[in-house]
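What follows is the residue order along each chain.
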Amino acid sequence: MQQKVKCKKRHALVTLMFLFILSCDPLVTTFDDIEDGKLYTAKTKHPAQASVDTICVMTWNIRYGAGLLPWFGDSNGNRVIFTEDEVYHNLKGIAAKIEDVRPDILLVQEIDVQSKRTAYIDQLQWLLDHTYLNYGTYASVWKAQIVPSDGLGRLDMGNAILSRWPITYAERIKLPQRGDQDALTKYFYLRRNILKAKIALPGLDEFYVLDFHASAFSTDDTKKRQIDLFKAELDKLVAQGIHFVSGGDFNSLPVNATRVDFCLSDKDDDESFHGPNDNPQHKEGSWYENEITWMQSLYDSYTPAVSLEDYGANESFYFTHAVDATIPYDRKLDYLWAKVPWVAGSDSTHQDARLLSDHAPLSVEWEVPK
Amino acid sequence: MKKLILIFSIIFFVFSGFSAFANDKTGSSWQTWPTGSAYLLPPHRIEIGLFQPLRYGFSESLEFSTHPLLFFVIPNFDVKWAHGEMGGFTITSAHGITYPSLLMDLVSKEGIGGLISPEFDIPHILSFQNALLASRVLFDDHLFTGKLALNFAVKSEKLDSRTTIDLPVTYPRMSVYYHDFGFRVGMDMKGPLFRRFCYVFNGELFYYPTAETDINSAFEHKGLLYWNKSSKFQICAGYLLSYCEYPFGTQWHLLPLLDAQWSWTW
């Protein structure tokens, strides 16, 4: 009997210690295959329509609210940590653009939540509190107590979905990590995901939104595998007869893009590519020749907000991204996809938002099926 | 080579922080390994650990210490001064000076090892630590120590608040560079357990009155188990539990502690 009590006590102690260790924050956050998305609510809720015929959907890579400031990691810049004033200034511009376009559902990529580089501001909560959008969900892509490189420090950047209507459930679907990095770099590097949210859209029993951000700089087939997994998620919804809208930053060109090499226009002053002695020959994330067909399966199965015909007829009109902050957008990387066709001619690539991010928002109307 | 020195310095800096100001060393009795309590090393006795400073008992009333290797990247020097007995307590004051700018400059760099962004200039910083320690024997062979410390820092110019290193152990100790002064209040118990094993339990509160209310305090608790091979060598293992208010919110961390210590008379 005494032995049993001792054993129980020991088990309780071990369990307590285990729970205690679990309750502590790790230095780098890793993720399970499927996890719940973090849910957000605006401080003040704005009334949303009780019935809708069409909804406006927008996707936007907001570049962590840094505008066109020259960050070292993505624009050949020399800045690492921005000031609070700089970040709030950019967020106000982003909120103003959202108010202007008035999307009902907004898919956001590269949004920072309490990251050192952006003054620890919870940008998702800030956007909810400073726009008419009421609900949000978030899934981290890059989360570490500290990234011990370049003074980056704490990072939490990810994908988010904002909505007028309640988000009843959200899940983070894990995507494969880059396969072309050493173990240490990989440990502290980005962990991509699909953020899938169930939204209580009036008129539909089940309605999902999927937000996606593919690998930008992988030199192997990581991005293809990520795109294929994204398509597989859409296929599952189609098979169940569930309506959805989806999109994000695919870091891939349309399959009929005429220019596929941006190495020389993207390169920093001290970089050299394409020369006989250059190694690597191409700049990471700027050469698309080998991957130009990777979006084909999506185009074959789903309806893009911007059709290949429209894009081919006037490519520059639909460009959404440029690395160099001093030039106009020079390629299209951002997409919206649905099974039910979008409202014809309702798409807009908002290139007027050039000062707010290195990506332009893309919006389109979607007719809610009856 | 430079990278190796840098990595070693960072590890050393972090681990040495575990023991800074703390009573985390004892021996088969606290008289043999008194460091951290209000007791001083006996004259001419030297003590050093893998992550501990080099300590030297200069006289009955003075003890000097410094981190010998870390000295080259973070010059530091401490004096412990015995003041006798008062109300059954042994009273000692500890006074230290540190120049952290060199190390902060070293970790302010591009690429791996960059804990601070290279876009910032690190000013000259002198940090002063002043503590009052009071120890009293309880239950025959256990030692209780209470500590009250006032730390302050002077700088050649303002240190940008974006240079913080948001890590447990490190952040609360560096806070004084940003908030000019702060208090540390702590207490611990140490004593024998069985055979050659001893324990240390310690708790310490950090408080910076001039910091915003959501980032002005931190708490650390340590539990350590020591094994004394002799009066010349001991090893210890344990944990450090850290609660800290960071600029992004509060966090708990549980970290392992390990050390080996040597002592001899010179």
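Residues numbered from 1 in each chain as written. Chains lettered and ligands numbered in written order. Predicted model: local features only at pLDDT ≥ 70, side-chain atom pairs only at ≥ 80, totals over all residues.

Participant: Can you lay out the overall build of chain B for me, pointing to particular residues and giving the numbers?
Facilitator: Secondary structure summary: chain B contains three helices and twelve strands in total. Residues classed as buried in chain B amount to 44% of the 266 residues present. For chain B, the share of sequence-separated contacts (at least 6 apart) that also reach a separation of at least 24 residues comes to 55%. (Helix = DSSP H or I, 4+ residues; strand = E, 2+ residues; numbered from the N terminus. Buried ≥ 20, exposed ≤ 12 C-beta atoms within 10 Å, placed from the backbone. Contact = placed C-beta atoms within 7 Å.)

Participant: Describe the overall build of chain A, naming the residues involved and giving the relevant values.
Facilitator: Along chain A, the regular secondary structure elements total eight helices and 14 strands. In summary, chain A has a C-alpha radius of gyration of 22 Å against a globular reference of 21 Å for 370 residues, a match within 12%. The buried share among the 370 residues of chain A stands at 44%. Put simply, of all contacts in chain A between residues at least 6 apart along the chain, 75% involve residues at least 24 apart. (Rg over C-alpha atoms; globule rule 2.2 N^0.38 Å.)

Participant: Which residues make up the confidence of the model for chain B, and what values go with them?
Facilitator: All names here are of chain B. With 88% of its residues at a pLDDT of 70 or more, chain B shows a mean pLDDT of 88. Of the regions scoring below 50 in pLDDT, residues 4–28 engages in 69 contacts with residues more than four places distant in sequence or in other chains. For this predicted complex, the interface confidence comes out at an ipTM of 0.80, alongside a pTM of 0.85. (pLDDT = per-residue confidence, 0-100.)

Participant: Which residues make up the interface of chain B and chain A, and what are the values?
Facilitator: In this complex, chain B contributes 21 residues to the contact, which on the side of chain A involves 19 residues. Looking at the side of chain B that touches chain A residue by residue, the class counts come to nine nonpolar, eight polar and four charged. (Nonpolar A, V, L, I, M, F, W, Y, C, P; charged D, E, K, R; others polar.)

Participant: Residues and numbers for helix 5 (residues 222–239) of chain A, please.
Facilitator: Residues and elements named next belong to chain A. Taking 1.5 Å per residue as the helical rise, helix 5 with its 18 residues ought to reach 26 Å, and the 26 Å between its terminal C-alpha atoms agrees with that figure. Listed in full, the buried residues belonging to helix 5 are Thr222, Lys223, Gln226, Ile227, Phe230 and Leu234. Seen from one end, helix 5 has its buried residues packed into an arc of 140 degrees, which puts them on one side. Of the residues in helix 5, the exposed ones pointing more than 90 degrees away from the buried face are Ala232, Lys236 and Ala239. Check the buried side of helix 5 and you find it contacts strand 8 (193–199), strand 9 (207–213), strand 10 (243–249), helix 7 (296–301) and strand 12 (334–338). Positive backbone phi, at 70 degrees, marks glycine 241, one or two positions downstream of helix 5. (Expected span 1.5 Å × (residues − 1). Arc of directions from axis to C-beta.)

Participant: Run through the sheet that holds strand 4 (residues 76–86) of chain B, naming residues and quoting values.
Facilitator: Residue and element names in this part refer to chain B. Sheet architecture is closed into a barrel: twelve strands sit in the order 1-2-3-4-5-6-7-8-9-10-11-12, paired in antiparallel fashion. On average, each strand axis in the sheet is tilted by 20 degrees relative to the strand beside it, whichever way the strands run. Taken strand by strand, helix 3 (residues 170–179) contacts strand 6 (125–138), strand 7 (142–155), strand 8 (181–194), strand 9 (197–207), strand 10 (217–228) and strand 11 (233–246), and its axis lies near 160 degrees from that of strand 8. (Pairing = 2+ DSSP bridges. Axes fitted to C-alpha atoms, helices over the stretch in contact; angles between N-to-C directions.)

Participant: Before we move on, can you summarise the nonpolar core with the specific residues and values?
Facilitator: If you look at the biggest cluster of nonpolar residues, it comprises 112 residues, and the most contacted ones within it are A:Leu106, A:Ile161 and A:Val209. Top contributing element to this core by residue count: strand 5 (residues 135–147) of chain A, with seven residues. Judged by nonpolar contacts, the second largest core, of nine residues, contains B:Ala38, B:Ala94, B:Leu133 and B:Ala149. (Core = buried A, V, L, I, M, F, W, Y, C linked by C-beta atoms within 7 Å.)

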